[in-house]
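Residue strings, one per chain:
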Amino acid sequence: MSTVLLLLITGLGLGALYFLVASGLSLIYGLMGVLNFAHGSFLTLGAFLGWEVARRMEDGSWLTFGVSILVGAVVGATVATLTELLLIRPLYLRHIEQVLVTVGLSLATVALFEGIWGVDPIYVVGPEWLNDTTDIAGALIPNDRFVLIAAALIVLLGLVVFLKRTRYGLIIRAGVENRAMVTALGVDVRRAFTLVFAIGGAAAGIGGVLASHYFGYVSPLIGGSLLIFAFIVTVIGGLGSLTGAAIASVVVAVLQQFANFYLGGTGDFMVVALLAVVLLVKPTGLLGSKA
Amino acid sequence: MIADPILRVEALSASIDGQQVVEKVDFEVPATGVTAVLGRNGVGKTSTLKAVLGLISRSGVVEFDGVRIDGERTHRVVQRGIGYVPEDREVFASLTVAENLRLAARGGAPHRDMVDELFPDLVARTAQRAGSLSGGQQQMLSLARVLMNDNRLLLVDEPTKGLAPRIVTEVAAALERAAAVTPVLLVEQNLPVVRRLAHTVVVIEGGRVIHAGPAAELLDDDERTQQLLGVHSTDHSAPRGDTDHSAPRGDTDHSAPRGADNTREETS
């Protein structure tokens, strides 16, 4: 029982990380039709600069941890905004070129990060409580899982409130459904594009800092490794669906954890198998409307 | 030549995915009344409206109230005061009626009261998702999004398509009221509606304008109408295939007799 609980909560923690990356990917694709392969770079840069700020402050304090998350969010949002304005916008509606430019940016930034910070993992230090465990029904749960889950829930709640209660949220929801018709109502949907990139980048930046604490290190490849699963989550959840991304994040991560433990380390294989099944049975994903 | 037209289109061409759908079209829309764009299926009527708005790739001159707008992006064109009611309504199905209206509101939606008066059915359904409305209610919502704003020209694409006769009458009445103050460029297959609303007609064939003139002059000439449009101007029946099978029962005219089958345009 304690093993199941441990796997379940660890899966939820990993799912929270997937969600932080996938939420932006899903909204960006849903609204703009852009498959953003550079999204992992937003995450990695957020993680590195979060760590850079943290190591200049008091190591291991909650304040430092909080500031590094804030830095990750700001860095992610800024880089994502610049990417949209400088690289994506000039290629508006040229989806193949947009994919190519994001792939190129992803490769170039990994090389850049390796040049600046080296190829070896850099170990991060967080508040001591994060490294402790909490006993729940006999299962010793690492505390960082709770922080990941809480962060993802806060981001999810914030995004839902933003999408439901604000004018831009309304534009984004309508744009995901029919972008051309939004412009035909006199709305400049391109501003929403930039905003969605910024929001996605901020979530990825937060995810980057939290991922560095989850894995215990930051490296130039941390974004790319999470991006693969975030893409799978995005497709399984349904392109453009935030709720779908949240559900799929949990399903994928929990499946991964259980398969790794009970089925001889086949977690990644099972996730890909699940993707194949979803694509065959419901190509639009769990809650998506676009195949 | 019309004195001070609200819209002037000259050598307008448009393409979709590299395929030419409108070819060097010229016409003008007077600053008052309804101008109907007519033609057989797939001749480029819908594409012409979309090209005016910049929703599809275009070339040529589009002048709105004396100002060239062919280089402007769609939202700018609309903000100049051109309202667009698309074919097939294109309401945002996942949004509520109120959200659809809120999204479309410009400049405080000065004519919201008139819209509420015209479409009381919508007022009672503000919290309902647009996707769950009947076909007729969706058409009312599509019209309401445009009529509540201060526009100087309306582009209306097949507003009566697939609607029951009672709803057609309501939609025509709403357009008639709107046209009293705002010029309308109307794509419409329902000739009785054209006869009721339009002052001028432009007939398109193969992406080109082949006839332009007073509506009554064409529609009173049954032989000419048959020649240009493939239907009799006296045929008041709903065209075959004009039934919107996606519309919930009750708004769809299942009793409509099957008439000419060549008055339905494919979406361009």
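Just so it is clear, the model here is predicted, and its values are computed rather than measured.

The rules behind the values
Residues numbered from 1 in each chain as written. Chains lettered and ligands numbered in written order. Predicted model: local features only at pLDDT ≥ 70, side-chain atom pairs only at ≥ 80, totals over all residues. Core = buried A, V, L, I, M, F, W, Y, C linked by C-beta atoms within 7 Å. Buried ≥ 20, exposed ≤ 12 C-beta atoms within 10 Å, placed from the backbone. Helix = DSSP H or I, 4+ residues; strand = E, 2+ residues; numbered from the N terminus. Expected span 1.5 Å × (residues − 1). Arc of directions from axis to C-beta. Contact = placed C-beta atoms within 7 Å. Pairing = 2+ DSSP bridges. Axes fitted to C-alpha atoms, helices over the stretch in contact; angles between N-to-C directions. Nonpolar A, V, L, I, M, F, W, Y, C, P; charged D, E, K, R; others polar.

Student: I keep staring at the nonpolar core and nothing clicks. Help me out?
Tutor: Buried together is how nonpolar side chains tend to be arranged in soluble globular proteins. Ranked by internal contacts, the top residues of the largest apolar core, which has 181 residues, are Leu17(A), Tyr18(A) and Val21(A). Of all the elements, helix H1 (residues 2-32) of chain A adds the most residues to this core, at 17 residues.

Student: Sorry, what's going on with helix H11 (residues 267-281) of chain A here?
Tutor: Side chains of residues three or four places apart in an α-helix project in the same direction, reflecting 3.6 residues per turn. Residues and elements named next belong to chain A. Here H11 is 15 residues long and its end C-alpha atoms lie 21 Å apart, about the 21 Å a rise of 1.5 Å per residue gives. All buried positions along H11 are accounted for by Gly267, Val271 and Val278. Each buried residue of H11 lies within a common arc of 45 degrees when the element is viewed along its axis, so the set occupies one face. Across from the buried face of H11, at angles greater than 90 degrees, the exposed residues are Ala276, Val277 and Leu280. On its buried face, H11 sits against helix H9 (222-237) and helix H10 (242-262).

Student: For this particular structure, what's the right way to read the sheet that holds strand E9 (residues 198-205) of chain B?
Tutor: Each strand in a sheet pairs with another by means of backbone hydrogen bonds, the pair being arranged parallel or else antiparallel. All names here are of chain B. The sheet built from six strands is open, its strands ordered E6-E7-E8-E3-E9-E10 with mixed pairing. Looking at strand neighbours, the two that pair on one side only are strand E6 (82-85) and strand E10 (208-214), the edges of this open sheet. Ignoring which end each strand starts from, the neighbouring axes of this sheet average 15 degrees apart. By the bridge criterion, five bridges tie strand E3 (residues 34-38) to E9 in an arrangement that is parallel. Along E9, the bridge assignment pairs Leu38 with Val203. Helix H6 (residues 135-147) contacts E6 and strand E7 (153-157) of the sheet and is inclined by roughly 175 degrees relative to E6. Where helix H7 (residues 165-179) meets the sheet, its contacts fall on E3, E7 and strand E8 (184-187), and the angle it forms with E8 comes to roughly 155 degrees.

Student: Looking at this structure, I do not really get the interface of chain A and chain B. What am I missing?
Tutor: The extent of an interface is frequently quoted as the accessible surface area lost upon association of the parts. Each side of the interface is counted separately: chain A has 14 residues, and chain B has 19 residues. For the side of chain A that touches chain B, a count of residues per class yields eight nonpolar, three polar and three charged.

Student: Even after reading the chapter, I still don't get the sheet that holds strand E2 (residues 19-29) of chain B, so can you show me in this structure?
Tutor: All names here are of chain B. The four strands lie next to each other as E2-E1-E4-E5, forming an open sheet whose pairing is antiparallel. Bordering the open sheet on either side are E2 and strand E5 (67-68), each of which pairs with just one other strand. Pairing of strand E1 (residues 7-16) with strand E4 (residues 57-64), which is carried by seven bridges, proceeds in the antiparallel orientation. Considered in E4, the bridge of Ser13 is made with Ser59.

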